[in-house]
Amino acid sequence: MSTDWRGVAAEEVDEVDRRTGLMLQARSRRLLASLLRPHLARVALALALVVTENVASLAGPLMVAAAIDAGIPAALGGDTTVLLWCVGGYLAAALGSAGLRYLFLNVSGRLGQDVLIELRQRIFVHAQRLSLSFHESYTSGKVISRLTSDIDAIKDMLDESIEGMLSALLSVVGIGIMLMVLDLPMALLVLVGFLPLILVTRWFYRRSQHTYRGTSAAIAKIIVQFVETMNGIRAVQAFRRADRNESIMGELNEGFRDANQRAFGLVATFTMTVRMVGNLSLALVLAIGAARVIGGGMELGVLTAFTLYLRRFYDPLDDMAMFANAYSSASASLEKISGLLEESPEVNEPADPVALPARSGGGRAISFTGVSFRYGPDTPVVLPEFDLTVPAGQTVALVGATGAGKSTIAKLVARFYDPTTGAVALDGVDLRRIADADLRGAAVMVTQEAFLFAGSVADNIGLGRPDATRAEVEAAARAVGAAEFVEALPEGYDTDVRKRGGRLSAGQRQLVAFARAFLADPDVLVLDEATSSLDIPTERAVQAALESVLADRTALIIAHRLSTVLIADRVLVVEDGRIVEDGAPADLVDGRAGGRFATLHRTWLESLV
Amino acid sequence: MSEHGDHRHRRGSSLAALRRLGPYIRPVRGRMIGSGLAVLGSMLCGLTIPLVIQQILDGPVASGDTASLPWLVLAVAALGATEATLFFVRRKLMIGPGTQVEARMRTDLYRHLHRLPVSFHDGWQSGQLLSRAVTDLSTLRRFIVFAAIFLVINSLILVIGLVVLFLLSPVLGLISLCCAAPLIVFCTIFESRYSALARRSQDQAGDLATTVEESVLGIRVLKAFGRGPKLAAMFARQARELRHTELRMVRVMAALWAAIIMLPELSIAGHLLFGTLAIANGTMTVGTLVAAVTVATYLRWPTDSIGWLLAETNRAATASQRYWEVRDAPVTITDPDRPRPLSTPVRGHLRFDNVHFRHPGSGAEVLRGITLDVRPGETVALVGPTGSGKTTLTALVPRLADVTGGRITIDGVDVRKLALSDLRSVVATAFEDAVLFSASVRENVAMGADGTTEADVRAALRIAKAEEFVEALPWGLATRIGEQGLSLSGGQRQRLALARAVVGRPAVLVLDDPLSALDVATEAEVEHALRSVLRDVTALVVAHRPSTVQLADRVALLDGGVITAIGTHSHLLANNKDYRTLLSTLDEDRDEVMA
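Residues numbered from 1 in each chain as written. Chains lettered and ligands numbered in written order. Predicted model: local features only at pLDDT ≥ 70, side-chain atom pairs only at ≥ 80, totals over all residues.

K.L.:
Help me understand the overall build of chain A, please; the structure alone is not making it clear to me.
P.N.:
Broken down by element type, chain A carries 21 helices and 10 strands. A compact globule built from 609 residues should have a C-alpha radius of gyration of about 25 Å, whereas chain A, at 35 Å, is more than 25% larger. On the principal axes, the C-alpha backbone points of chain A span a range of 120 × 55 × 50 Å. Scored against the burial criterion, the 609 residues of chain A give a buried share of 54%. (Helix = DSSP H or I, 4+ residues; strand = E, 2+ residues; numbered from the N terminus. Rg over C-alpha atoms; globule rule 2.2 N^0.38 Å. Buried ≥ 20, exposed ≤ 12 C-beta atoms within 10 Å, placed from the backbone.)

K.L.:
Would you mind showing me how to read the overall build of chain B here?
P.N.:
When helices and strands are tallied, chain B shows 23 helices and 12 strands. By the compact-globule yardstick of 25 Å for 595 residues, chain B is too spread out, its C-alpha radius of gyration being 35 Å. The principal-axis extent of the C-alpha atoms belonging to chain B is close to 120 × 50 × 45 Å. By residue count, 55% of the 595 residues in chain B fall in the buried class.

K.L.:
Can you help me understand the pairing of strand β4 (residues 421–426) of chain A in this one?
P.N.:
Remember that side chains alternate between the two faces of the sheet whenever the strand is regular. Residue and element names in this part refer to chain A. When strand β1 (residues 366–374) meets β4, the two strands line up antiparallel, connected through 5 bridges. Considered in β4, the bridge of Ser367 is made with Ala425. By the bridge criterion, 2 bridges tie β4 to strand β5 (residues 429–430) in an arrangement that is antiparallel. If you follow Leu426 over to β5, its bridge partner there is Val429. (Pairing = 2+ DSSP bridges.)

K.L.:
In this structure, what is going on with the interface of chain A and chain B? I would like to understand it.
P.N.:
Across the contact, 144 residues belong to chain A and 146 residues belong to chain B. By residue number, the principal contributor to the side of chain A that touches chain B is helix α10 (residues 242–294) of chain A, which donates 27 residues. Split into classes, the residues belonging to the side of chain A that touches chain B amount to 79 nonpolar, 43 polar and 22 charged. (Contact = placed C-beta atoms within 7 Å. Nonpolar A, V, L, I, M, F, W, Y, C, P; charged D, E, K, R; others polar.)

K.L.:
Would you mind showing me how to read the pairing of strand β6 (residues 427–430) of chain B here?
P.N.:
Residue and element names in this part refer to chain B. Every second residue of β6 is oriented toward a common face, with Val427 and Thr429 on one face and Ala428 and Ala430 on the other, all of them buried. Pairing analysis gives 4 bridges linking β6 to strand β9 (residues 508–512), with the strands arranged parallel. Bridging across to β9, Thr429 finds its partner in Val510.

K.L.:
Help me understand the nonpolar core in this model?
P.N.:
Burial of nonpolar side chains together is a common tendency in soluble globular proteins. Counting 387 residues, the largest nonpolar core has Ala515 and Val526 of chain A together with Leu382, Val383 and Ala499 of chain B as the members making the most contacts within it. If we ignore the near neighbours within four places in the chain, the residues touching Ala515 of chain A are Ile461, Ala476, Ala477, Val480 and Ala482 of chain A. (Core = buried A, V, L, I, M, F, W, Y, C linked by C-beta atoms within 7 Å.)

K.L.:
What's the story with the sheet that holds strand β3 (residues 379–383) of chain B in this structure? I'm lost.
P.N.:
In a beta sheet, neighbouring strands are held together by backbone hydrogen bonds and run either parallel or antiparallel to one another. All names here are of chain B. With mixed pairing, 6 strands are arranged side by side in an open sheet as β6-β9-β10-β3-β11-β12. The sheet is open, and its two borders are formed by β6 and β12 (562–567), each paired with just one other strand. Neighbour-to-neighbour, the strand axes of this sheet turn through a mean angle of 20 degrees, independent of strand direction. (Axes fitted to C-alpha atoms, helices over the stretch in contact; angles between N-to-C directions.)

K.L.:
Can you help me understand the sheet that holds strand β1 (residues 350–358) of chain B in this one?
P.N.:
Residues and elements named next belong to chain B. Spatial strand order, β2-β1-β4-β5: 4 strands in an open sheet with antiparallel pairing. This sheet does not close on itself; its edge strands, each paired only once, are β2 (365–374) and β5 (413–414). Inspection of the sheet shows β1 paired to β2 by 7 bridges, in the antiparallel sense. Within the sheet, the bridge partner assigned to Leu350 lies in β2 and is Val374.

K.L.:
Would you mind showing me how to read the environment of Ile461 of chain A here?
P.N.:
Residue and element names in this part refer to chain A. By secondary structure assignment, the location of Ile461 is in helix α14 (residues 457–462). Given 31 C-beta atoms within a 10 Å radius, Ile461 is considered buried. Taking the C-alpha atoms as reference, Ile461 lies 61 Å from Met272; in sequence the two are 189 residues apart. Setting aside chain neighbours within four positions, we find Ile461 in contact with Val473, Ala476, Ala477, Val512, Ala515, Arg516 and Leu519.

K.L.:
I keep staring at the environment of Pro60 of chain B and nothing clicks. Help me out?
P.N.:
Within the secondary structure layout, Pro60 of chain B lies in helix α3 (residues 29–63). Sequence separation between Pro60 of chain B and Leu72 of chain B is 12 residues; the distance between their C-alpha atoms is 9.4 Å. Discounting chain neighbours no more than four positions away, the residues touching Pro60 of chain B are Ala290 and Ile294 of chain A together with Asp65, Thr66, Ser68 and Leu69 of chain B.

K.L.:
Explain the environment of Leu550 of chain A to me, please; I cannot follow it from the model alone.
P.N.:
Residues and elements named next belong to chain A. Along the chain, Leu550 turns up in the loop between α18 (536–549) and β8 (554–558). Placed 188 residues apart in sequence, Leu550 and Gly362 show a C-alpha to C-alpha distance of 9.3 Å. When neighbours within four sequence positions are excluded, Leu550 is seen to be in contact with Thr395, Leu525 and Ala555.

K.L.:
Help me understand the packing of helix α2 (residues 40–76) of chain A against helix α10 (residues 228–281) of chain B, please; the structure alone is not making it clear to me.
P.N.:
The description of two packed helices rests on the angle between their axes and on the distance between the axes. Between α2 of chain A and α10 of chain B, the least distance of the axes is 9 Å, while the angle of their chain directions is 40 degrees. In terms of axis orientation, α2 of chain A runs oblique to α10 of chain B. Crossing hand, α2 of chain A versus α10 of chain B: right-handed. Listed contacts from α10 of chain B to Val64, Ala67, Gly71, Ile72, Ala75 and Leu76 of chain A of α2 of chain A are Leu272, Thr276, Leu277, Ile279 and Ala280 of chain B. Tallied by class, the residues present in the contact of α2 of chain A with α10 of chain B amount to 9 nonpolar, 2 polar and no charged. (Parallel < 35°, antiparallel > 145°, perpendicular 65-115°, else oblique. Left-handed = near helix turned anticlockwise from the far one by under 90°.)

K.L.:
Explain the packing of helix α5 (residues 140–147) of chain A against helix α8 (residues 194–231) of chain A here, please?
P.N.:
All names here are of chain A. Two numbers describe how α5 lies on α8: the axes approach to 8 Å, and their chain directions differ by 125 degrees. Judged on the interaxial angle alone, α8 and α5 are oblique. As α5 packs across α8, the resulting crossing turns out to be right-handed. For the pair formed by α5 and α8, the contact residues are Ser140, Gly141, Lys142, Ile144 and Ser145 on the first element and Ile219, Ala220, Ile223, Val224, Val227 and Glu228 on the second. Broken down by class, the residue content of the contact of α5 with α8 amounts to 6 nonpolar, 3 polar and 2 charged.

K.L.:
When you look at the confidence of the model for chain B in this model, what are you seeing that I'm missing?
P.N.:
Note: predicted coordinates in regions of low pLDDT should not be interpreted at a detailed level. Residues and elements named next belong to chain B. Of the residues in chain B, 95% have a pLDDT of 70 or more, and the chain-wide mean is 85. In the model, residues 1–11 has pLDDT below 50 throughout and makes 20 contacts with residues more than four positions away in sequence or in other chains. Low confidence marks residues 586–595, where pLDDT is under 50. Its contacts with residues over four positions away, or in another chain, come to 10 contacts. For this predicted complex, the interface score ipTM comes out at 0.86, alongside a pTM of 0.86. (pLDDT = per-residue confidence, 0-100.)

K.L.:
Explain helix α1 (residues 18–36) of chain A here, please?
P.N.:
Every α-helix winds through 3.6 residues per turn, so residues three or four apart in the chain are directed the same way. All names here are of chain A. Between its first and last C-alpha, α1 extends 27 Å over 19 residues, near the 27 Å set by a 1.5 Å rise per residue. Listed as buried for α1 are Leu24, Arg27 and Leu31. For α1, the arc enclosing every buried residue in end-on projection is 60 degrees, short of the 170-degree limit, so these residues lie on one face. Among the exposed residues of α1, those pointing more than 90 degrees away from its buried face are Arg18, Arg19, Leu22, Ala26 and Ala33. (Expected span 1.5 Å × (residues − 1). Arc of directions from axis to C-beta.)

K.L.:
Can you help me understand unusual backbone geometry in this one?
P.N.:
Outside of glycine, negative phi angles account for most residues, and trans bonds account for most peptide bonds. The linkage connecting Thr344 of chain B with the following residue, Pro345 of chain B, adopts the cis geometry, with an omega of -15 degrees. Among the structural elements, Pro345 of chain B can be located in the loop between α12 (300–327) and β1. With phi around 50 degrees, Asp576 of chain A is a residue other than glycine that occupies positive phi space. Within the secondary structure, Asp576 of chain A is located in the loop between β9 (570–575) and β10 (578–583). Not every positive phi belongs to a glycine, and Asn354 of chain B is a case in point at roughly 50 degrees. For Asn354 of chain B, the location among the structural elements is in strand β1. In this structure Asn354 of chain B comes out as partly exposed when scored by C-beta crowding, with 13 C-beta atoms within 10 Å.

K.L.:
Quick question: what am I supposed to make of helix α17 (residues 506–520) of chain A here?
P.N.:
All names here are of chain A. A rise of 1.5 Å per residue sets the reference length of α17, with its 15 residues, at 21 Å; its end C-alpha atoms lie 21 Å apart and thus fit the reference within 8%. Most of α17 is tucked away: 15 of the 15 residues are buried. Positive backbone phi, at 50 degrees, marks Asp521, one or two positions downstream of α17.

As structure tokens, this is what we get:
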């Protein structure tokens, strides 16, 4: 079934059957066509330039033939005008083709760059739209390789080969016509030599498609390994992972090398065959041509022009071979890119969004109606069907063991995933009907891993609300208790946090992430273990901030620390995906609701000194 | 966002940059020369063919004597076949060296990056490293396979072609020489413009890769705040900048190309004019002129291609420059010249002796004279406010960074005097951020320790209370986790990282807030199991919670880069106000709830 190969499914497969192969190729061609379509006028212009340039450069040998056949006899008779015309014509043709070449290179260069920028943006934006569930299974390195090594392969094709292909095709056609005009029987002889070329080209294209699928996959694996190592360099060094990593990279390198060697080997055979056919045709033409000139059936100038054209005829075939090669390589990349672009986000923006009711200032109500959730059709149910209503303004804490399903509930509110059944609604509006921008303005989630981007502290806080002024950024930092450490940094808010926030400690990164959320000022705040690395006084400051911040908004808090839980209006104890206790903290401590929270609380109290 | 760490616009001559490829090229020198000879051979065949054609035209065709014709045609066929075969030989010869140099350079870069200190990695954008390892190296491979050889051979062919022309006719040879001379001027002008652009475009491609990487790794934050479009706008801006640079390169390249392709044409036109006049005067044969024009035509490609080859060479030089910038970064944390052996048995006596630390390039000291003695088997907790230098201090023990003053000793030996592999086998660390690798659970846990058995791994998992959930994974210990495998929850990741640290019972254990992501019940269980481990090993534990602190025999309070107090938990709680503020807040909460 060809539908099995939708999206990125075919990536891991080395050998695809013929039908799937055709399907994948058609998909890549569609992508290429859709990229070129907006630029059709420029493609036509480029084509026209190539045609004109070829006509101009083809005029050259004609002028040489004319000079020899007409110019010399005239010059012998003392009349050099014909000769001068011929030479002048030759120069004009050369000048014309140089100028046209300049124009063509500019037009095609711009065309290539426009295609690339469009493709880059399409992949980037699409990758951002794809759901977390996709990213969790696809690995970051692969997305990165789609946007780096695969783009490089397409760039190579556009850069070096499109013009080679166009001008080769045209000069082959043009010279073919010229040969026929000069001498039809000999031209037909040359064209017969073309048949084996067509066969060998087909053979090459098929084989190289497969081979380049291999090189593209191999370099992607190298990128995945590289990215993983660089992101975990501390652990790599401390646990002496270097040797093992190097042997893994050695294998991957070897794989890439093998794939490349296979591809190169094919090209070597291909170009040799092309050249061989060309040279043997030349010898044949000479033998027959010479015999005919001697027999008086052909003029010397015609034979001269013929041999000149013939060499030019086969030179571009080398370019065509190079294009076939670059195209194979690019189409393996296009195949993967088109697969990624074909993946549709599981979490979609609504086609006709419903506006949220006007902001009341007291947060928004969250309701779960008949919600159940599983990550995929074959995976176990994480959350069995449940209903839950959180009134506007309430602060709810989710408590339970690791893996109980707390984070999943939180992620449903932030619409990282859509529920498998039922609906999650904000103020009665199904999240699936809310425009993304509205939803992200209304509900913000702060996750455990406080990811910082390269840039300054202010940039990172400002991510919460890009139009915030510096004063607002600083106010947000002050409100969560981050101002003190930020101001102590060498350049304060302008200090570069360095890669992934490497300059800051885990606690400081969490504070920055927290300030970011504070600045975003959402109606609904979801905190998933957002304070786990803070020391107690800082956490207390954050809690104090939270208590005032949360007064007029709805909040969902996941925390292992009961100190954080106790600021909540309501506690939900989650066990195996079910809400087993629900009530105000003080009530649950009494143990009336089943005693799980009471036990937790007791354990916690015992852990205190 | 930032441009930190990449050494832009460090200009050096292109030639010097290429010369640095020497050590990699040397082993494949023979094949490169062989390949060059094949190119030369095939070109000579190509160059000889017109001469034979001249013989055919001036000989049998002119005289009508067909006796020598078959031999001459056969000669053309043979030369043609040789040319084609040498084409094949050239490519076959170069496949190995090109890919081999690329693979070796990548391996060496990767190895070097493994050894560069963490401070280097923090400062370099990930995309800049990635683009060097992938794009720049493939540029170099292409250079070695094609441009390097053709640049030499084409220049040579040009010279040989000129000599042939001189032999055919000194006048025609002179005309060609005059037409070839401007080539040098064009190329010099081109060089100066193109190489700066090449550098800029490759750097911009690296920036673009950085944005791509962050957009994927930070996808949760971007989704949570709906900031995907903002980053996409930044990506679009960077992509436009790159496009701008690339278009400028196209323009420079197009101008050079247009200028260069005029040169052979001028020379051919000159031949035509003077040759025809000479024929008219009777001082030249038609065959000579045809041969000269054919040779001049043949020289078109070597001449035209010089523009493209020069562009490739410039890109390769830039790639080499960028590559060596990373390779030249000093590995500051190295094995000592004469490493001291570990004491046997290792007792694990960890001492900090007036330790100072400042981040490279930063004025302020993070640690200002830490002196701390952790006796063998003792567990010391490090407590201090967020950002007080606790994590920095722990990173100094396995030498992820080196002290900038004072020293750290294990069993009396400065850690800088031990072989790195010895040191890191003695010291095991669990980091705040639990990093897992794309490998099986078993491999992730057994990672650092040598000769770890399955039983050791299981024991470690038991201590970290990870055995149960690992058993429940689809393939148990063999389940592949990490980014290319199953994703685990934060608490599960942290427990595996803890298991990795305790496996094989290292002599010194450094735990950086090892229980922060665990729920209360699991935390209590892990603590209980950890106690049995900590009894025998020397441990430094960064702690934020009273529960974790209770694992320790003594507590050191770190504030502002110095240890302000040291003692048992209860002693400090009773006598130190700062310590109380840091660790006893919960009491107030308890009172609240109880009330």
